[in-house]
Amino acid sequence: MDELEARVLECFANVFPGIPRERLPRLNQAASAEWDSVMHVTLLAALGEEFGMEIDFELAEELRSFALVANYVRGHVGR
Amino acid sequence: MSLKLNEALKLAQTPGGGAPERQAFLACGFEPLHLPVFLRAHHAQRFPGRGLEVSTGVYGDLLGNLERARQSRASTCLVLIEWHDLDPRLGVRSTGPWSRLRQQEIAQQLAQRLERLRQALEHLSQQMPVVLAPPSVEFGLEADTTGWQASPFELELELLLLKFLASVAGNPRLKVLHTARLAARSPASARADAKMELVAGFPYSLEHASHVAEALLWLAYPDAPKKGLITDLDDTLWAGIVGELGAEGVKWSLGEKAQVHGLYQSVLRQLHEAGVLLGVASKNDKDVVAAALARSDLHLDRDVFFPVAASWGPKSDAVSAILRAWNIAADSVVVVDDSRMELEEIRRQHPGITCLEFRPKDVGATLELLGQLRDLFGKPSVGEEDRLRSASIRGLALFEEQKQASDLGDFLAGLGGEVSFDFAKNAEDARLLELINKTNQFNLNGLRVEAGEWQRFLAREDSFVLGVSYSDRYGPLGTIAVVAGSRANGVLRVEQWVLSCRAFSRRIEDHTLQVLFEGQKQVSIAFRRTERNQPFREFLARLGVAEEPGSAATSPVAISREQLGRVSADLPHRVLTRSDGVNHG
């Protein structure tokens, strides 16, 4: 896990404190009761704040797993 | 201070730590989204070891949420109003044709909605204390004028809102957030997040949400107000050194370029009128000080200062003497002085005291200091009891002096004392709760009670409250003691018992215990040893109640009639009034 993924993981850990940290890199929305629409917006806001980026909420609708989120951030950070 | 969301998410997870968790209901018409997190995070910062549970209602139903709050188990309700709660046409999530006709209709309907809201808030406040934040995000779609020009329509809506706020702010169980203070922390231009509002129904930027949460908590769970202020004189109460310039040479007026001192005097006068004790600690000759304080153009009467400690000894000694005369602890007191060195010396000798530097050359800093005094001493309302407190301090000093010179029994018998007992359960009487929450010495167990818990306690059928007032030839002391608890089957259980330190040494607690026993088979008290309740422990010792060594938990202690007999002989005062609102059987 590189530094960017570690920072994404930290945001996930902040938003989903009830999920064991080791499970977070494999987390996906379909299999997680905690990851509802409100928590999705909270996660996006936490990521936006952490990486100083504007998140496109329409595109972000597709970000349904840790891996997709990390890829999205990698593709947009610093733009 | 504003928190970042990630920081708040971490803080919000901080475990409670054992103290009872507070329950708050957050009532708003929009999606509360990050607000519960920011509320829990700011709460964790201010009250480490104590958790906050935040319940919320449903989207788009502010009035319904007020009713949900009323039926919830919360002990405080935090209410946020935004313009679109008052009329959806004033928010960015609704669109429609705008016309002058429509504006009239909006204004008319707004007045009706505000009235319904006022009634719902009144109803809710009967159940629990309410904190209300007025709209903090502007509505900006009014199109008649340029953005620089306020239109009659906008001003009319604001006027309706202000009238509504002025009306609800008169309710003693409801506090309205000061919009100017919020604006100083959170500028209007940085408050809204329109994108988030359109996507998720949450109208605030993260930073503004943090500021709003922090402000709501300050109103809902304020720090206990300070009780006394000790002021320096030279270059603080007035400009100049009175020992060099003489009483006529010191100044405090605009014309003499000393206005900040005049402003300070005016604030001290207001504090005195609100019941704050004022004392003087000054390195000066007594006579010189007396002459200057006697000047008729001073903005406050010299008698408001008691004691006046003028000497050449260390300032901390003067502060010690004043604290003894007031019989209050250093952490309830603020010292204002222009000398940083003197303040440091005082702080070292009196840890816990609040020291503020008066900087007369810096007008901005002085105004900031005056604002700080408002925060430190402010309370929701000022009553007759507050005024009595400062008036009774001189009588207290005389009482102590004359008590030393006589036999205690004879002295008390000659006081002409009158004790009034009142069992009325009045939720509007803020004095009783105030006494419970600020009394440390004669305090049964040191447990504090929040306004919401108090309202619920009073509503219980088995609960009782006894307010005790006292007066003697030294003057009235007002309501100086409270006992509260429950009664069933001839057993009276006391959960709270406090007596103001101004009323010590008068055997008022002995009178009180006798009254508590009337009609009861047994009286039991929920005692807990605290660091500061030595006077209560002395009372237990007089009763012959053995204290369990090392016990830190609250434990019931039964008091027998035999023990009552040890303190109830030859009670010195006349019992004046007794409400008959309670069945002692």
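See the structure printed just above.
Notes on the structure in this doc start here. (Residues numbered from 1 in each chain as written. Chains lettered and ligands numbered in written order. Predicted model: local features only at pLDDT ≥ 70, side-chain atom pairs only at ≥ 80, totals over all residues. Heavy atoms only, no water.)

**A word on the overall build of chain A**
Item 1. Counting its regular elements, chain A contains four helices and zero strands.
Item 2. Shown N-terminal to C-terminal, the secondary structure of chain A runs as helices and strands in the order α-α-α-α.
Item 3. Taken over the C-alpha trace, chain A has a radius of gyration of 11 Å; the compact-globule value for 79 residues is 12 Å, and the two agree within 12%.
Item 4. C-alpha atoms of chain A, sized along the principal axes, occupy 30 × 25 × 15 Å.
Item 5. Across the 79 residues that make up chain A, the buried fraction comes to 46%.
Item 6. For chain A, the share of sequence-separated contacts (at least 6 apart) that also reach a separation of at least 24 residues comes to 51%.
Item 7. Carbon and sulfur atoms form 51% of the exposed surface of chain A, whose accessible area is close to 4,200 Å². (Helix = DSSP H or I, 4+ residues; strand = E, 2+ residues; numbered from the N terminus. Rg over C-alpha atoms; globule rule 2.2 N^0.38 Å. Buried < 20%, exposed > 50% of the residue type's maximum accessible area, 1.4 Å probe, protein only. Contact = heavy atoms within 4.5 Å. Areas by Shrake-Rupley, 256 points an atom, 1.4 Å probe, with all protein chains shown as cover.)

**What to know about the sheet that holds strand β3 (residues 76-80) of chain B**
All names here are of chain B.
Item 1. Strands sit in the order β2-β1-β3-β4-β5 across an open sheet of five strands; the sheet is parallel. The strands lining the two open edges of the sheet, one partner per strand, are β2 (50-56) and β5 (174-176). Ignoring strand direction, the axes of neighbouring strands in this sheet form an average angle of 25°.
Item 2. Of the strands in this sheet, β1 (19-27), β2 and β3 are in contact with helix α2 (residues 35-46), which crosses β2 at around 160°.
Item 3. In this fold helix α3 (residues 62-71) packs onto β1 and β3, with an angle of close to 155° to the strand it touches most, β1. (Pairing = 2+ DSSP bridges. Axes fitted to C-alpha atoms, helices over the stretch in contact; angles between N-to-C directions.)

**Quick look at the side chain of B:S420**
All names here are of chain B.
Item 1. Along the polypeptide, S420 turns up in strand β11 (residues 418-422).
Item 2. Take S420: its relative accessible area is 18%, and that puts it in the buried class.
Item 3. Ignoring any residue separated from it by four or fewer positions in sequence, one finds S420 in contact with G467, V468, S469, L576 and T577.

**Details of the interface of chain A and chain B**
Item 1. Facing 16 residues of chain A, the contacting portion of chain B comprises 14 residues.
Item 2. For the chain A and chain B pair, buried surface summed over both sides reaches about 1,300 Å², with 61% attributable to carbon and sulfur atoms.
Item 3. A per-residue breakdown of the area chain A buries against chain B is headed by A:N14, A:E49 and A:F57, which together make up 44% of the total.
Item 4. Taken together, chain A and chain B are joined by two salt bridges.
Item 5. A salt bridge links A:E10 to B:K10; the shortest N-O distance between them is 3.5 Å.
Item 6. Inspection of the chain A/chain B interface yields seven residue pairs in polar contact (both at pLDDT 80 or more). (Buried area = accessible area lost by both parts, 1.4 Å probe. Salt bridge = Lys/Arg side-chain N within 4 Å of Asp/Glu carboxyl O. Polar contact = N/O pair within 3.5 Å; in protein donor to acceptor, adjacent residues only side chain to side chain.)

**A few points about the pairing of strand β6 (residues 228-231) of chain B**
All names here are of chain B.
Item 1. Residues G228 and I230 point to one face of β6 and L229 and T231 to the other, with burial holding for every one of them.
Item 2. Where β6 meets strand β7 (residues 277-283), four bridges bridge the pair, whose relative direction is parallel. Looking across to β7, one finds that L229 is bridged to L278.
Item 3. Pairing of β6 with strand β9 (residues 333-337), which is carried by four bridges, proceeds in the parallel orientation. The partner of I230 across the bridge, within β9, is V335.

**As for helix α14 (residues 340-349) of chain B**
Residue and element names in this part refer to chain B.
Item 1. Along α14, the positions that sit buried rather than exposed are E342, L343, E345 and I346. The buried residues of α14 occupy an angular sector of 160° when projected down its axis, which confines them to one face. Away from its buried face by more than 90 degrees, α14 exposes R340, M341 and R348. (Arc of directions from axis to C-beta.)

**What about the packing of aromatic side chains?**
We describe a pair of aromatic rings using the distance from one ring centre to the other and the angle between the two ring planes.
Residues and elements named next belong to chain B.
Item 1. Per the counting criterion, the structure on display carries 21 aromatic pairs over all chains.
Item 2. An angle of 85° between the planes, with centres 6.3 Å apart, marks the rings of F47 and Y221 as edge-to-face. Note that F47 is positioned in the loop between α2 and β2 and Y221 in the loop between α9 (206-220) and β6, a separation of 174 residues in sequence. As far as burial versus exposure is concerned, F47 and Y221 are alike and both buried.
Item 3. Positioned over the ring face of W218 is R46, at 3.6 Å from the centre of the ring.
Item 4. One Lys or Arg, R506, reaches over the ring of F399 and ends 3.7 Å from the middle of that ring. (Phe/Tyr/Trp six-rings, centres within 6.5 Å; stacked < 30°, edge-to-face > 60°. Lys NZ or Arg CZ within 6 Å of the ring centre and 35° of its normal.)

**Some thoughts on the nonpolar core**
Item 1. Within the largest apolar cluster, 67 residues are counted, with the highest numbers of intra-cluster contacts made by A:F12, B:L35 and B:L80.
Item 2. For this core, the element with the most residues is α9(B), which contributes eight residues.
Item 3. In contact with B:L80, other than residues within four places in its own chain, are B:L26, B:A27, B:C28, B:G29, B:F30, B:L35, B:L62, B:D85, B:A133, B:Y204, B:V212 and B:L216.
Item 4. Of all hydrophobic cores here, the second largest spans 61 residues; its members include B:A318, B:F442, B:A481 and B:F527. (Core = buried A, V, L, I, M, F, W, Y, C linked by side-chain atoms within 4.5 Å.)

**Section: empty space enclosed by the protein**
Residue and element names in this part refer to chain B.
Item 1. For the structure on display, the rule yields three cavities of 30 Å³ or more.
Item 2. Surrounding the largest cavity, 21 residues form its lining, K227, I328, K438, S500 and C501 being those nearest its centre.
Item 3. Listing elements by their share of the lining of the largest cavity, those giving two or more residues are α16 (384-404) and α18 (430-438).
Item 4. Top element by residues in the lining of the largest cavity is α18. It accounts for three residues.
Item 5. Within the lining of the largest cavity, the residues separate by chemical class into 10 nonpolar, five polar and six charged.
Item 6. Taken domain by domain, the makeup of the lining of the largest cavity includes at least three residues from each of domain 2 (228-377) and domain 3 (415-584).
Item 7. Forming the boundary of the second largest cavity are P225, K226, K227, A274, G275, V276, K379, R389, E434 and K438. (1 Å grid on protein atoms, 1.4 Å probe; cavity = no way out; pocket = protein on both sides within 12 Å on 5 of 7 lines; lining within 4 Å. Points joined across faces, edges and corners; volume = space filled by probe spheres on them. Nonpolar A, V, L, I, M, F, W, Y, C, P; charged D, E, K, R; others polar. Domains from an automatic or database assignment.)

**Focus: the packing of helix α1 (residues 3-15) of chain A against helix α1 (residues 5-12) of chain B**
Item 1. Between α1(A) and α1(B), the shortest axis-to-axis distance is 8 Å and the interhelical angle comes to 45°. Taken together, α1(A) and α1(B) sit at an angle that is classed as oblique. Viewed along their axes, α1(A) and α1(B) form a crossing whose handedness is left-handed. Between α1(A), through A:E10, A:C11, A:N14 and A:V15, and α1(B), the contact on the second element is made entirely by B:N6, B:L9 and B:K10. (Parallel < 35°, antiparallel > 145°, perpendicular 65-115°, else oblique. Left-handed = near helix turned anticlockwise from the far one by under 90°.)

**Re α16(B)**
Residues and elements named next belong to chain B.
Item 1. Look at α16: 30 Å from first C-alpha to last across 21 residues, which is about the 30 Å you get at 1.5 Å a residue.
Item 2. Roughly 35° is the biggest bend found in α16, and it falls at S392.
Item 3. The complete set of buried residues in α16 reads E385, D386, L388, R389, S390, S392, I393, G395, L396, F399 and K403. (Expected span 1.5 Å × (residues − 1). Bend = angle between axes of the 7 residues up to and from the residue.)

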